[in-house]
Amino acid sequence: MGLLANMVLIVLIAIISLYIARHLRFFGNRMFKEQRSCQQDLAGAFRPSVSVLIPMHNEEKVATGLLERLVEMDYPKDDSLYEVIAIDDGSTDETKSMVDEYASKFSFIKAIHRVGNGGNGKPEALNVGLKMASNDIILIFDADYLPPRDCLERLVAPFVDVEVGGVMGRVVPVNSGESFVSRMMDIERAGGYQISQQARYNLNLIPQFGGTVGGFRRSVLKAVGGFDASMLTEDTDLTYKLYLNGWKIAYVNAAECYEEAVWSWETREKQLTRWAVGHDQCLFKYFFSTLRSPVLSFWQKIDGVLLLGIYVTPILMLLGWLMGIFTYLTGAPWWSYLFPAMFFIFAYNTIGNFAVFGEVGGSLFLDRRRRSILLLPLMFLDLLGNVWVCSKAFFKAILLSKRRSKPVMAPFSKGVEKGESEEPLYENMLSGFVMNNCSQWDKTERSGNGLHYYNHKKTQTTNNEGRTE
Amino acid sequence: MAISGYLIVIALFLGMVIFCFLWGLLEYKKPKDAGPLFIDLDRSIRKRLIRKKRNTAKAPNNEHVAHSKLELTMGESGEESHSSDVKETIRVRGDLRISKGEIIPYNMIVDGNLTSQEDVIFQGGLHVKGRVVIGARNRLEKSIVCQKELFLSKDVTVNNCIDCEGRVLIKKGLRLGASLEGGAIASRSTIYLEKPIGPLRIKSKKGVRVVGVLNDVIPQDLKTIIEVTGA
Amino acid sequence: MFARYSRNLKFQKTHFFTGLAIALALTAVVTFQGFNFWIWQAKMVSGLLFFAGVPHNLIIWTPLTRGPTFEMLVTPQSVPLIAVIGSLLFFFSFILVLKRSSRIPSPVKAIALVVSLTTIFTLSWQTVISPVPLYTLHWVTIDWSCSGVIGLCLITLIYMPFLFALRGPLWVKVFWLLVTIGFSVIWNLLRISLVTATLYYFGLSVFLLFHYFAGAFIDFIYIITFYSLALYHLSKSETREVMKIDG
């Protein structure tokens, strides 16, 4: 038992140490090395034909905001070069009429209305939009996003490169001052995009498509089968499909876009649970194929696997704490008395999580958001929240994958004979994430205040010195 | 009482713990940086110097055709330029030499150096990880992205863009950006031109130099390749 | 004008190596004067313990600890069985409440879960399996004294790439490094005093729990705080520098 505990502890420390090294590497690369420009010098000069897909479900509060921005977009409003396809997926509010209004005013805006109870989810809506799209590049925006006028030009520039199959821009919360959670989301996003994504792109690793403010070549999307409606995170799924087929994703740090971040712990939990479950589904699906891939380089494989496991690290931390209690009560392993091991364990305990905070701090330093740097210690609470949510999500993901792969069994209920299904138990535990293999809309409540925050900020004097080129 | 001393020590320790969170709480409660990261929603990339008159005919949707039909569009030079919806992308491991007069119907990713002789037509785009030598009168229907040096011989046509990490050496006669998708040249190093190529968009990190004779700036190893291949 | 999306900083080699020199100097001091520091620390802790009313002896050296430690003059009381059972029932029901309530924010749930599970395991283990804990006061004083000293070296090592390498005045970086080290020393003094006093006032079980929760893991809270303060002041100075360059 003691030997097993020792082995588990060593493996845990090794895995977490890999992540620490990864964060350090990204920090060093992003802060001090020259950045890859992803063909931004050609932005505005290279203009392929673009179809912008906007999946919508009850978006009356935010729909006009994005549609207005897309009308004002700096892209030739030529039907052969630019089209906007708004897919209204079974909305029960005023979304339908709003979309129709824009479609009637502007020839490059097209409306698709899907009827059905509750809609069929974002991936299916996107697949429908994909069938109707006729241009070479498909870009996707969620309904509550506010892109600047040059966003499209910046996003499409990397497609100059035939190796690039997809792009991803930078997401910036517009409502960061709304609550504690939204401020945490703001600084987390800063670290994730400004440092992590950019460094992964610089190092030719695996930057990820995040589901919005990004896009793909239409031919590539069709070749990989479009958006997989059975996956909760079809964006991560697509990222791996592309990379395993030899394509690359370009991360465009210059293509910034506002979003409305979640503002309550409850909504944050739901959102994070969906991301974690979806990501863990991808982990189960792509772990071995990533390692065995003939097209990925060694470091891409390592990064690919670490990226797949990103939502498993909180549960590893929790396991580490629990193992810590066990070894604490039964006695520390003999090897921990050796000085190097002692040093390493203290280092791991003390600075184990520091690398993540250092990454976020570095991103805020680059963005010149001085005061937000002071929020770093409060991120500790967010980290703890992630531990709770991701641990639960991991078990949900296991149940989900078991449910789809073979006849449903009830492992925890007694008195059920082998082979008999126990659907209600699974339904309850999965909380309706996947029903009959169809995705459902997992809605984040929108306030529709995106532009309000932006306009309000413009009238205030601010210490923020963000300037653009 | 003795226990009061203990309570004071606890209070001191807890005070230190609270101190750790104090600054963050102050910024949260009385924020001076509550607003979002500033993005100018009206920002736009500097307008191009020339606006091209374009044929607005829509390209055909050729999704199930491996080799698409050609759609004629009028380029700026008045000559016909062909845009094609090429679907297949191939990857070549190692160096690639293309003989005179070949037509390449694919997008190509070359994990090595690329050299082409005269009169080659590339119907798809190119991404080359090594050095590129493009021969005279070659036509590139799409773009070329190069991670090392790029040499374009005389009278080369590139319908889209050129993007290069290293030096770009261009002989006279280059025609650029004839397709609907636009054209420009970008390099993270220096661009050497034998002759100015008009008010097109050129961006170079280390500058654009118009040299009378390009041979004076071509490095010796590249000269050898050019001579051998007749590019 | 800067474009934040492509902005990167020049690696400050001089400052980085200054930080390295400080780290090496500190390591040398710790190596050669570590024992004297340990004794000084133990004397300070002893003073605090007297202030807190804990009867004890300061022993400068034992064959087991090979350094200073403390000996309690009064045997600490064990927690009564009824209190143990009551605590176990409380924490078990607390976990059930946590699971069912969606109103409690997830960070609170996470902290509560870890505290509850640790308390349940510790109390159960101590009551049923091993009433004599493996970790005595001697062990704890060595553990935390060593971790405190190693922590000083680690702080300097962390600050080297994450702070010293960034653009900004050297004095800001050195100032905050010294402040962090000073805070760390005081933190360790208070922590060791508290755990010893807790053993005297509340007995073995609470002592074990305090030792677990207040261990090296929570050190990174103050390291993050001072790092964020340092970065904040550094970015202020850095902005002034850039404004001067831009005119």
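Only a predicted model underlies this, so the values are computations on that prediction, with no experimental measurement involved.

Asker: Got a minute to help me understand the overall build of chain B in this structure?
Answerer: When its secondary structure is counted, chain B shows two helices and 21 strands. When burial is assessed residue by residue, chain B has 41% of its 231 residues classed as buried. For chain B, contacts bridging at least 24 residues in sequence account for 20% of all contacts bridging at least 6.

Asker: How do you make sense of the overall build of chain A when you look at a structure like this?
Answerer: A count of helical and extended segments in chain A gives 17 helices and nine strands. Sorting the 469 residues of chain A into buried and exposed places 57% on the buried side.

Asker: Whenever I open this one, the sheet that holds strand 2 (residues 82-89) of chain A confuses me. Can you help?
Answerer: Hydrogen bonds along the backbone pair up the strands of a sheet, which may run parallel or antiparallel. Residue and element names in this part refer to chain A. One open sheet accounts for seven strands, arranged 3-2-1-4-6-5-7; its pairing is mixed. Of all strands in the sheet, those bounded by a partner on one side alone are strand 3 (109-114) and strand 7 (248-259). In this sheet, neighbouring strand axes are inclined to one another by 20 degrees on average, regardless of whether the strands run parallel or antiparallel. Where helix 2 (residues 63-71) meets the sheet, it contacts strand 1 (50-56), strand 2 and strand 3, and its direction lies at approximately 175 degrees from that of strand 1. In the packing of helix 3 (residues 95-105) onto the sheet, the strands contacted are strand 1, strand 2 and strand 3, and the crossing angle to strand 3 comes to about 155 degrees.

Asker: What am I meant to see in the interface of chain C and chain B here?
Answerer: A common way to express how large an interface is: the accessible area buried when the components associate. On the chain B side, the residues contacting the 15 residues of chain C number eleven residues. Those elements that provide at least two residues to the side of chain C that touches chain B are helix 1 (13-51), helix 5 (170-202) and helix 7 (219-246) of chain C. With seven residues, the top contributor of residues to the side of chain C that touches chain B is helix 5 of chain C. Broken down by class, the residue content of the side of chain C that touches chain B amounts to eleven nonpolar, three polar and one charged.

Asker: Looking at this structure, how should I read the pairing of strand 6 (residues 107-111) of chain B?
Answerer: Strand residues, when the strand is regular, have side chains that alternate between the two faces of the sheet. Residues and elements named next belong to chain B. Of all five residues in strand 6, four are buried, a share of seventy percent or more. Across five bridges, the pairing between strand 3 (residues 89-93) and strand 6 is parallel. By the bridge assignment for strand 6, R91 is matched with I109. Taken together, the three bridges between strand 6 and strand 9 (residues 126-128) define a ladder with parallel strand orientation. Bridge assignment links V110 to a residue of strand 9, and that residue is V128.

Asker: I tried to follow the interface of chain B and chain A on my own but got confused; where do I start?
Answerer: Counting residues at the interface gives 48 residues for chain B and 54 residues for chain A. Elements supplying a minimum of two residues to the side of chain B that touches chain A: helix 1 (2-29), strand 3, strand 6, strand 9, strand 18 (184-187) and strand 20 (201-204) of chain B. Examining the composition of the side of chain B that touches chain A, we find that six residues originate from one element, helix 1 of chain B, more than from any other. Partitioned by chemical class, the residues of the side of chain B that touches chain A number 19 nonpolar, 14 polar and 15 charged.

Asker: Explanation requested: the confidence of the model for chain A in the structure shown.
Answerer: Regions with low pLDDT carry predicted coordinates that are not meant to be interpreted in detail. All names here are of chain A. Here chain A shows a mean pLDDT of 82. Residues at 70 or above account for 79%. Of all helices and strands in chain A, the one with the weakest mean pLDDT is strand 8 (residues 434-435) (36), whereas strand 4 (residues 137-140) scores best (97). Here residues 456-469 scores under 50 on pLDDT; set against residues more than four positions off or in separate chains, the count is 27 contacts.

Asker: So what exactly am I meant to see when it comes to the domain arrangement of chain A here?
Answerer: Residues and elements named next belong to chain A. Domain assignment breaks chain A into domain 1 (2-31 + 312-354) and domain 2 (45-311 + 356-405 + 437-469). Of the residues lining the interface, 17 residues belong to domain 1; the matching set on domain 2 comes to 23 residues. Looking at side-chain class alone, the side of domain 1 that touches domain 2 contains eleven nonpolar, four polar and two charged residues.

Asker: Looking at this model, I keep getting lost on the packing of helix 3 (residues 106-129) of chain C against helix 6 (residues 204-213) of chain C. Mind explaining?
Answerer: Two measures define how a pair of helices packs: the angle their axes make with one another and the distance between the axes. Residues and elements named next belong to chain C. As a packed pair, helix 3 and helix 6 sit with axes 10 Å apart at the nearest point and diverge in direction by 140 degrees. Relative to helix 6, the element helix 3 is oriented oblique. As for how helix 3 packs across helix 6, the hand of that crossing is right-handed. Where helix 3 abuts helix 6, its residues T118, T119, T122, L123 and Q126 lie against L204, S205, L208, L209 and Y212. Looking at the contact of helix 3 with helix 6 residue by residue, the classes come out as five nonpolar, five polar and no charged.

Asker: Is there a simple way to explain helix 10 (residues 298-308) of chain A in this structure?
Answerer: Note that an α-helix has 3.6 residues per turn; residues three or four places apart therefore point the same way. Residues and elements named next belong to chain A. Looking only at helix 10, the buried set comprises Q300, D303, G304, L307 and L308. Viewed along the axis of helix 10, the buried residues span an arc of 135 degrees, placing them on a single side of the element. On its buried side, helix 10 packs onto helix 6 (180-202), helix 8 (234-244) and helix 9 (265-292).

Asker: I tried to follow the sheet that holds strand 16 (residues 168-170) of chain B on my own but got confused; where do I start?
Answerer: All names here are of chain B. Spatially, the seven strands line up as an open sheet ordered 4-7-10-13-16-19-21, and their pairing is parallel. At either margin of the open sheet sits one strand with a lone partner, and together these are strand 4 (96-98) and strand 21 (208-210). When the angles between neighbouring strand axes are averaged without regard to direction, this sheet yields 10 degrees. When strand 13 (residues 150-152) meets strand 16, the two strands line up parallel, connected through three bridges.

Asker: How do you make sense of the confidence of the model for chain B when you look at a structure like this?
Answerer: On average, residues of chain B score 79 in pLDDT, and 78% of them reach the 70 mark or higher. In the predicted complex, the global pTM is 0.86; the interface-specific ipTM is 0.87.

Asker: Help me understand the packing of helix 5 of chain C against helix 6 of chain C, please; the structure alone is not making it clear to me.
Answerer: Residue and element names in this part refer to chain C. Contact pair helix 5 / helix 6: the axes reach a minimum separation of 8 Å and the direction vectors enclose 160 degrees. Regarding the angle of helix 5 to helix 6, the classification is roughly antiparallel. Considering how the two elements wind past one another, helix 5 and helix 6 form a crossing that is right-handed. Of the residues in helix 6, those in contact with V195, T198, L199 and F202 of helix 5 are V206, F207, F210 and H211. Residues belonging to the contact of helix 5 with helix 6 are distributed by class as follows: six nonpolar, two polar and no charged.

Asker: Could you clarify how one ought to interpret the nonpolar core in this entry?
Answerer: The nonpolar side chains of soluble globular proteins are, as a tendency, buried together. With 230 residues, the main nonpolar core has I54(A), L66(A) and A86(A) as its most contacted residues. Element by element, the count of residues in this core is highest for helix 4 (residues 137-164) of chain C, at 15 residues. If near-sequence neighbours (up to four positions away) are discounted, A86(A) is found in contact with I54(A), M56(A), L67(A), V99(A), I109(A) and A111(A). Formed by five residues, the second largest nonpolar core is a distinct cluster that contains F26(A), F27(A), M31(A) and A199(A).

Calculation criteria
- Residues numbered from 1 in each chain as written.
- Chains lettered and ligands numbered in written order.
- Predicted model: local features only at pLDDT ≥ 70, side-chain atom pairs only at ≥ 80, totals over all residues.
- Helix = DSSP H or I, 4+ residues; strand = E, 2+ residues; numbered from the N terminus.
- Buried ≥ 20, exposed ≤ 12 C-beta atoms within 10 Å, placed from the backbone.
- Contact = placed C-beta atoms within 7 Å.
- Pairing = 2+ DSSP bridges.
- Axes fitted to C-alpha atoms, helices over the stretch in contact; angles between N-to-C directions.
- Nonpolar A, V, L, I, M, F, W, Y, C, P; charged D, E, K, R; others polar.
- pLDDT = per-residue confidence, 0-100.
- Domains from an automatic or database assignment.
- Parallel < 35°, antiparallel > 145°, perpendicular 65-115°, else oblique.
- Left-handed = near helix turned anticlockwise from the far one by under 90°.
- Arc of directions from axis to C-beta.
- Core = buried A, V, L, I, M, F, W, Y, C linked by C-beta atoms within 7 Å.

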